[in-house]
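Chains, contacts and geometry: an overview
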Amino acid sequence: MDRRGFTHFKIVCVIGSMIVAGISALANTDHPAMKPSPDEALQILKEGNGRFMKGESQHPNSTKERLILAGKENQGDYAIATVVTCSDSRVPVERVFDAGVMDIFVIRIAGNVCDIDEVGSIEYGLAHVHTPVLVILGHTQCGAVTAVCNMLEGKAGPLEKNIPPLIDNIFPAARKTMQANPTLHGSPLIEAAVEQNVYQGIEDLFKKSLDTRELVNQGKVKVLGAIYDVGTGEIRWLDEKKPLEILKQIESDSSRPAEKPNTHAPSPTAKVGQPAPHLAPAPLTAKH
């Protein structure tokens, strides 16, 4: 090899080394990656709950470094799920999914209802935080559902002034349950009404939110119902087809008032299709 050829060879080697070093440096930073697809995000949640239920939680994304990152980064680059659940202290959302900081956008309200404030929060979680999954998470022994069932069975005592308007979204679910199961009373009725209330929340959401319906129809978001057992830690996932059936029914209702698209809302820009490394399906090892 002559001198000019040797010099050219050295330049190529140097440039190649720089490229490799750059790729390695990028891989070792905590840059946000593409969001997982809806199905991948759901699998991450299921595996996290499996670890929690078995007492094998990994407590991912809970270190001091993660907190520092949260102070600098946009949650929309990280969160993989929006979860609507009850305010009940027995339902610690991030723990039951074995998730950490910036992993789940949580909306908590007694009875996990979807009224206007909750629907607005959901829309923010889906359209601005760009989560590919929305979970309406009910739970066993729900006090709000119990109160409504007791009222309908004539067993309720007096309630504070602002509680009836809070739980009025639950009445349709409780009534549907009683009509479909006239022999159920007490705890069995409450248990069945808890599940129906999850579907009622999905129905209320779809009725109120054109933006959510569009995201679901476009395949960008998956809406799911689930029930958390406060005594075992297990999440029971409800039929994935049911939310789509509810959506189809609502959109086919000719009596429903026409809605205008919100032309001022930014369209979701997060990419999907590849699990994010900060909350990958495989168990993580990050500790508190």
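Residues numbered from 1 in each chain as written. Predicted model: local features only at pLDDT ≥ 70, side-chain atom pairs only at ≥ 80, totals over all residues. Heavy atoms only, no water.

What about the overall build of the protein chain?
Check the secondary structure of the protein chain and you find eleven helices and five strands. By sequence separation, contacts in the protein chain at least 24 residues apart represent 76% of the contacts at least 6 residues apart. Only carbon and sulfur atoms are counted for the fraction: they give 55% of the accessible area of the protein chain, which is about 15,400 Å². (Helix = DSSP H or I, 4+ residues; strand = E, 2+ residues; numbered from the N terminus. Contact = heavy atoms within 4.5 Å. Areas by Shrake-Rupley, 256 points an atom, 1.4 Å probe, with all protein chains shown as cover.)

Side note on the sheet that holds strand S4 (residues 222-228)
Taking strand neighbours across the sheet as the criterion, the five strands line up as S2-S1-S3-S4-S5 in an open arrangement whose pairing is mixed. Of all strands in the sheet, those bounded by a partner on one side alone are strand S2 (104-108) and strand S5 (235-237). This sheet shows a mean twist of 25° between the axes of neighbouring strands, independent of strand direction. Direction of pairing for strand S3 (residues 133-139) relative to S4: parallel, over a ladder of seven bridges. (Pairing = 2+ DSSP bridges. Axes fitted to C-alpha atoms, helices over the stretch in contact; angles between N-to-C directions.)

Digging into the pattern of salt bridges
Counted according to the given criterion, the structure contains ten salt bridges. Among the ionic pairs, Asp88 bridges to Arg90, the shortest N-O distance being 2.7 Å. Since its relative accessible area comes to 15%, Asp88 is described here as buried. In this structure, Arg236 engages Glu195 in a salt bridge whose closest nitrogen and oxygen atoms are separated by 3.2 Å. With Arg236 in strand S5 and Glu195 in helix H9 (residues 186-208), the pair connects residues that are 41 residues apart, well separated along the chain. The exposure class of Arg236 is partly exposed, given its relative accessible area of 41%. Counted as one network, the salt bridges with shared partners bring together Asp39, Lys222 and Glu240. (Salt bridge = Lys/Arg side-chain N within 4 Å of Asp/Glu carboxyl O. Buried < 20%, exposed > 50% of the residue type's maximum accessible area, 1.4 Å probe, protein only.)

Quick notes on the environment of Ser62
Mapped onto the fold, Ser62 is located in the loop between helix H2 (38-53) and helix H3 (64-70). Sequence-wise, Ser62 and Ala99 are 37 residues apart; in three dimensions their C-alpha atoms are separated by 8.3 Å. Within the local environment of Ser62, its side chain forms a polar contact with the backbone oxygen of His59, the two atoms lying 3.4 Å apart. Among the polar contacts listed, one links the side chain of Ser62 to the backbone oxygen of Pro60, at a separation of 3.0 Å. (Polar contact = N/O pair within 3.5 Å; in protein donor to acceptor, adjacent residues only side chain to side chain.)

What to know about the confidence of the model for the protein chain
Per-chain confidence: the protein chain averages 86 in pLDDT, with 79% of residues scoring 70 or above. Across residues 9-31, where pLDDT falls below 50, the model places six contacts with residues more than four positions away in sequence or in other chains. (pLDDT = per-residue confidence, 0-100.)

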